Amino acid sequence: MACQGLGPNETLATLKTESETLKTKLEEERAKLHDAELHQVAEKVEALGQFIIKTRRTLKGHGNKVLCMDWCKDKRRIVSSSQDGKVIVWDAFTANKEHAVTMPCTWVMACAYAPSGCAVACGGLDNKCSVYPLSLDKNENLAAKKKSVAMHTNYLSACSFTNSDMQILTSSGDGTCALWDVESGQLLQSFHGHSADVLCLDLAPSETGNTFVSGGCDKKANVWDMRSGQCIQSFESHESDINSVRYYPSGDAFASGSDDATCRLFDLRADREVSVYSKDSIIFGVSSVDFSLSGRLLFGGYNDYTINVWDVLKGTRVSILFGHENRVSTLRVSPDGTAFCSGSWDHTLRIWA
Amino acid sequence: VFTFILKFQHDHKVSLPMEQVIVAMQDPDLGIKMKNQRLLITVIPHAMTGNDIVEWLMKKYSIMEEEALHVGDLLVRHGYIYPLKEPRNLVLRPDESPYRFQTPYFWSSQQWPASELDYAIYLTKKNIRKQGQLIDYEKENYNLLHKRINHTWDFVVMQAKEQLRASKQRRKADRIVLECQEQAYWLINRPPPGAFDIREHGPERRNRLTSRVQLVRLHSFIIHQKKIHDRTFIKYSEQYFSHDPMMHGCPPSNPWITDDITHWALNTNTVSTPTKLRVERWSFRFMELLSDPLGRLKFMEYLEKEFSAENLCFWEACEDIRHGENSRIPQKVQEVYKQFLAPGASKWVNVDSKTMEKTLEGLRRPNRFVMDDAQMHIYFLMKKDSYPRYLKSDLYKNLLVKAIAPQETKRSVFPFMRRHRHSSPNPALVAQALEEDGKAKRLGSPRITSPATSP
């Protein structure tokens, strides 16, 4: 566990003072390095040309706000969830719906496709994460084989399978993240450190595959060691709730999107924020972010219904995409980078390429 | 009324980004130039046109018209600017239509609840003025309220009458402005059925602060400081540039754009001849090779020739432990020990003595991470030794030579002829079929179990 009780000579006040002192010292050390911002380092990099990104598919079928989506590893199927409890699996390429489940709760804010493609996980206001094996028997009710895996004490905000169908990582409004064994529903590890609702998480694509990052209403992005449950790095530069976190493809950094209308890039080895993606004309919060395959582009879905495309290296905005008629609530790039999908409160999902 | 508005703006603490825009728009020097706007026979002061708003936004934020119109429209929808003509229609028209700024008193960020009582008074005033001719949903709401707060209805009517009397004493222009302001406020706070409702938010986020002080290990961060001028991100994006479909296109074409799935067909896990880009990518980093099932297969072939395939097998078996079912861990750990680590094991892997000692210790209480150290040792062994040699090997070089490099096809000459969009077998179906046929072999590491795509 990352937190301990008070020691013999410690009061809340003394601990807070010590924390402040350490923070100041850290800032001094960082300043000594006279570090440049990323866009300065990338000054000589060739600017990007014009981009033509258009909606290539519009998926209609949800009867209410789309809240979350995830891609299948087959690069064309997706799962999406909505406010009215519906979870739908689509072949996004043909726009056919292949499975549908109605959850017993509203506001299904989290959903994920299993790596094997044989199951989906979802949850929301029911405070749980459930796994549904996908059956192709038309007569079989998917809800019959539902498996309840995670149990939190507040809403489920995000979920993700780890490298197999057997483990799920969750984040919750109860301020914690947790790792679960799917087969038994057993809690394998819990992660305490956020001081408010945790809204998002992403697994690191590292060689040793042992860390993940989470973002919360406490404006912090925390990096965790999955083995020990410890918070190993923490970043606090956003000015409001962090709605989305996503690793840079190499795993050396991650991006975040916040209600403060900015996206930011955090370098894990330099241990600090190295870029801010913002514009005065963008006055609504970011709900979700993801990188293109090479990491050169960062896509941000915003609460003002638009998608902004950023040049990660130069810090400039490359394009603004219109189309959705309400908030963009979720956005993910496909596994092979050929497209990205956005889900919106306008009840639709769009595939862009 | 107008001096009151200005003073209020001065005192009001501007917090929201939207409000910052609104305040900037009203700056006496750099904001929009306000004028009198004619509304039928009345002259309304301190107003602007839709065009004024769009042009100001374009200039101030260096954005194109489409974006400026979008931002301006949001300002209207959120009640910070309201139209004088067609006041029920809260949209921004990029023409000479007149608009005014909403008084801060009515800003949606004020967050004092728009009470039933206030709404009742407003509807009653309207009812009296229009002599009973309220719009459908307003009529409905009026009747509902009349029932619900019937006990205070005398007060409601009295207030309504008093406010109407006071407004009659104002100049016509002022009266119109106040009516429009109030109407805009209620359109936001009691939107007509089916209309856009800005009050909609997701589930409540309780920003609680716990009393626990989190002393994260700050000291360790200082040790690992590193300058970012080592160009990591620049190098990475350059290396992957031609592999990024969004940046560089996608040979022969992006399926989502042309409806042609050849690109996917050429890159399944079971192709006999991989593409050039794919084989190239295996040389970027060891993890790329391992995470591509086909890459891993080819690497295994090479290792078999080198008589060191047991390393990769061991690594895969460890992955299976780490990511497999909790209940099978003890059994799997035992198997792995017997196969790879025990003296005289059939697939013995060369782990250094210190790591072996630690692993044997851990075997007494087998858990998901007991093989971690050994796995990492073997992983780095392969990375530092076998992998570089593989890339220099004839096997790999042949793959590169024989690899397919499809030409980038131009868009169809007849773009309006839509290709048939082929469906593909659902991965769940494929898995089910395998199981039913009894052909389900143990697929090894969970990583290999990625659904094949067949055209």
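Labelled according to an unreviewed UniProt entry, chain B appears under the name Regulator of G protein signaling 11, originating from Scleropages formosus.

Naming follows an unreviewed UniProt entry, where chain A appears as Guanine nucleotide binding protein (G protein), beta 5b of Scleropages formosus. In the Sequence similarities (unreviewed entry) part of its UniProt record, chain A is described as follows: "Belongs to the WD repeat G protein beta family." Looking at the Subunit (unreviewed entry) heading of the UniProt record, one finds this comment for chain A: "May interact with RGS9; this interaction stabilizes both proteins and increases RGS9 GTPase-activating protein (GAP) activity, hence accelerating the deactivation of D(2) dopamine receptor-mediated signaling."

Re the overall build of chain A
Along its length, chain A carries two helices and 28 strands. At 20 Å, chain A has a C-alpha radius of gyration in line with the 20 Å of a compact globule built from 353 residues. Each principal axis of the C-alpha distribution contributes one length, and for chain A these read about 65 × 55 × 35 Å. The proportion of buried residues among the 353 residues of chain A is 66%. Long-range pairs, those at least 24 residues apart, make up 45% of the contacts in chain A with a sequence separation of at least 6.

Quick word on the overall build of chain B
Across its full length, chain B holds 22 helices and four strands. At a minimum sequence separation of 6, the contacts of chain B that also span at least 24 residues come to 62%. Carbon and sulfur atoms form 55% of the exposed surface of chain B, whose accessible area is close to 25200 Å².

What to know about the UniProt feature "repeat: WD" (unreviewed entry) in chain A
Within this structure's numbering, the places UniProt gives as "repeat: WD" (unreviewed entry) are residues 59-100, 149-190, 191-234, 235-276, 286-320 and 321-353 of chain A. Here residues 191-234 of chain A runs as 0% helix and 52% strand, with 13 Å between its end C-alpha atoms.

A closer look at the interface of chain A and chain B
Listed per partner, the contact involves 124 residues of chain A and 100 residues of chain B. A buried area of about 9600 Å², summed over both sides, lies between chain A and chain B, and 60% of it is on carbon and sulfur atoms. Remark: the boundary between chain A and chain B carries five salt bridges. With its nearest N and O atoms 2.5 Å apart, the salt bridge here joins E67(B) to R317(A). The dominant element in the side of chain A that touches chain B, judged by the number of residues it contributes, is helix α1 (residues 12-32) of chain A, at 11 residues. Residue composition of the side of chain A that touches chain B, by class: 53 nonpolar, 33 polar and 38 charged.

Looking at the environment of H152(A)
Residue and element names in this part refer to chain A. Of note, H152 is situated in the loop between β9 (147-151) and β10 (156-161). With 109 residues separating them in the primary sequence, H152 and A261 have C-alpha atoms 29 Å apart. If we ignore the near neighbours within four places in the chain, the residues touching H152 are N127, T170, S172, D174, T176, C177, A178 and W180. A polar contact is formed between the side chain of H152 and the side chain of T170, at a distance of 2.7 Å. At a separation of 3.5 Å, a polar atom in the side chain of H152 contacts the side chain of T176.

Structural notes on the pairing of strand β23 (residues 297-302) of chain A
Residue and element names in this part refer to chain A. Across the six residues of β23, six count as buried, placing the element largely inside the fold. The sheet contact formed by β23 and strand β24 (residues 307-311) spans five bridges and is antiparallel. For L298, the partnering residue across the bridge sits in β24 and is W310. Where β23 folds back on β24, the antiparallel hairpin that results is connected by four residues, among which Y305 adopts a positive phi of roughly 80 degrees.

Some thoughts on the nonpolar core
Residues and elements named next belong to chain B. Formed by 48 residues in total, the largest nonpolar core has its most connected members in I22, M25, I53, L57, L75 and I81. Of all the elements in the fold, those that place two or more residues in this core are α2 (17-25), α3 (50-61), α4 (65-77), β4 (98-101), α5 (116-129), α6 (136-148), α7 (153-168) and α8 (172-189). The residues touching I53, leaving out its near neighbours within four places in the chain, are M25, I32, M48, G72, I81, L92 and Y99. Formed by 41 residues, the second largest nonpolar core is a distinct cluster that contains A309, C313, M382 and A403.

Quick word on the side chain of S244(A)
Tracing the sequence through the fold places S244(A) in strand β18 (residues 242-247). Sequence-distant contacts of S244(A), defined by excluding residues within four places in its chain, comprise C200(A), A255(A), S256(A), G257(A), S287(A), S288(A) and V289(A).

Observations regarding the packing of helix α16 (residues 293-305) of chain B against helix α20 (residues 372-392) of chain B
Residues and elements named next belong to chain B. One can describe the packing of α16 onto α20 by two numbers: an axis separation of 11 Å at closest approach and a directional angle of 95 degrees. On the basis of the axis angle, α16 is roughly perpendicular to α20. Residue-level inspection shows K298, F299, Y302 and L303 of α16 in contact with α20, the latter providing M382, S386, Y387, R389 and Y390. Residues that form the contact of α16 with α20 fall into these classes: six nonpolar, one polar and two charged.

Brief notes about unusual backbone geometry
Residue and element names in this part refer to chain B. A cis amide bond links P251 to the next residue, P252, at an omega of -10 degrees. Notably, H46 is not glycine yet its phi reads approximately 55 degrees, a positive angle. Of note, H46 is situated in strand β2 (residues 42-49). Its relative accessible area of 41% is what places H46 among the partly exposed residues.

Some words on the sheet that holds strand β21 (residues 272-277) of chain A
As a general point, the strands of a sheet are linked pairwise by backbone hydrogen bonds and lie either parallel or antiparallel. All names here are of chain A. Taken together, the four strands give an open sheet; going across it, the order is β18-β19-β20-β21, and neighbouring strands pair in antiparallel fashion. In this open sheet, the two strands that pair with only one neighbour each are β18 and β21. Recorded for the sheet is a direction-independent mean angle of 25 degrees between the axes of neighbouring strands.

Re the packing of α3(B) against α4(B)
Helix-helix packing: each pair is described by the crossing angle between the helix axes and the interaxial distance. Residues and elements named next belong to chain B. For the pair α3 and α4, interaxial distance at closest approach is 8 Å and the crossing angle is 115 degrees. α4 is crossed by α3, and the crossing has right-handed handedness. Where α3 abuts α4, its residues I53, V54, L57 and M58 lie against E65, A68, L69, V71 and G72. Here the contact of α3 with α4 is composed, by residue class, of seven nonpolar, one polar and one charged.

Notes on the packing of aromatic side chains
Taken as a whole, this structure holds 38 aromatic pairs over all chains when the rule is applied. With a centroid separation of 4.8 Å and 85 degrees between ring planes, the pair formed by F191(A) and F212(A) is classed as edge-to-face. Linking F191(A) in strand β13 (residues 187-192) with F212(A) in strand β15 (residues 211-216), this pair joins segments that are 21 residues apart in sequence. Here F191(A) and F212(A) have matching classes, each one buried. Considering the side-chain rings of F299(B) and Y390(B), the 5.3 Å spacing of their centres and the 65 degrees angle between planes classify their relative orientation as edge-to-face. Placement of F299(B) in helix α16 and of Y390(B) in helix α20 is noted, with a sequence separation of 91 residues between them. Overall, F299(B) belongs to the buried group, its relative accessible area being 0%. Of the residues examined, Y390(B) reaches a relative accessible area of 1% and is grouped as buried. Put simply, the rings of F286(B), F299(B), Y302(B), W315(B), Y379(B), F380(B), Y387(B), Y390(B) and Y396(B) pair up and form one aromatic cluster. The side chain of K65(A) reaches across the aromatic face of W345(A), ending 5.1 Å from its centre.

Examining empty space enclosed by the protein
Evaluated as defined, the whole model comprises three cavities of 30 Å³ or more. Approximately 110 Å³ is the volume found for the largest cavity. Those elements that provide at least two residues to the lining of the largest cavity are α17 (309-323) and α20 of chain B. The biggest single contributor to the lining of the largest cavity is α20(B), with four residues. Of the residues belonging to the lining of the largest cavity, the class tally is three nonpolar, three polar and four charged. When its volume is computed, the second largest cavity comes out at roughly 90 Å³. Q167(A), L179(A), G209(A), N210(A), M226(A), R322(B), H323(B), R368(B) and F369(B) are the residues that line the second largest cavity. Taken together, the residues of the lining of the second largest cavity break down into three nonpolar, four polar and two charged.

How each quantity is defined
Residues numbered from 1 in each chain as written. Chains lettered and ligands numbered in written order. Predicted model: local features only at pLDDT ≥ 70, side-chain atom pairs only at ≥ 80, totals over all residues. Heavy atoms only, no water. UniProt positions renumbered as here; feature names shortened; annotations may be inferred. Helix = DSSP H or I, 4+ residues; strand = E, 2+ residues; numbered from the N terminus. Rg over C-alpha atoms; globule rule 2.2 N^0.38 Å. Buried < 20%, exposed > 50% of the residue type's maximum accessible area, 1.4 Å probe, protein only. Contact = heavy atoms within 4.5 Å. Areas by Shrake-Rupley, 256 points an atom, 1.4 Å probe, with all protein chains shown as cover. Buried area = accessible area lost by both parts, 1.4 Å probe. Salt bridge = Lys/Arg side-chain N within 4 Å of Asp/Glu carboxyl O. Nonpolar A, V, L, I, M, F, W, Y, C, P; charged D, E, K, R; others polar. Polar contact = N/O pair within 3.5 Å; in protein donor to acceptor, adjacent residues only side chain to side chain. Pairing = 2+ DSSP bridges. Core = buried A, V, L, I, M, F, W, Y, C linked by side-chain atoms within 4.5 Å. Axes fitted to C-alpha atoms, helices over the stretch in contact; angles between N-to-C directions. Parallel < 35°, antiparallel > 145°, perpendicular 65-115°, else oblique. Left-handed = near helix turned anticlockwise from the far one by under 90°. Phe/Tyr/Trp six-rings, centres within 6.5 Å; stacked < 30°, edge-to-face > 60°. Lys NZ or Arg CZ within 6 Å of the ring centre and 35° of its normal. 1 Å grid on protein atoms, 1.4 Å probe; cavity = no way out; pocket = protein on both sides within 12 Å on 5 of 7 lines; lining within 4 Å. Points joined across faces, edges and corners; volume = space filled by probe spheres on them.

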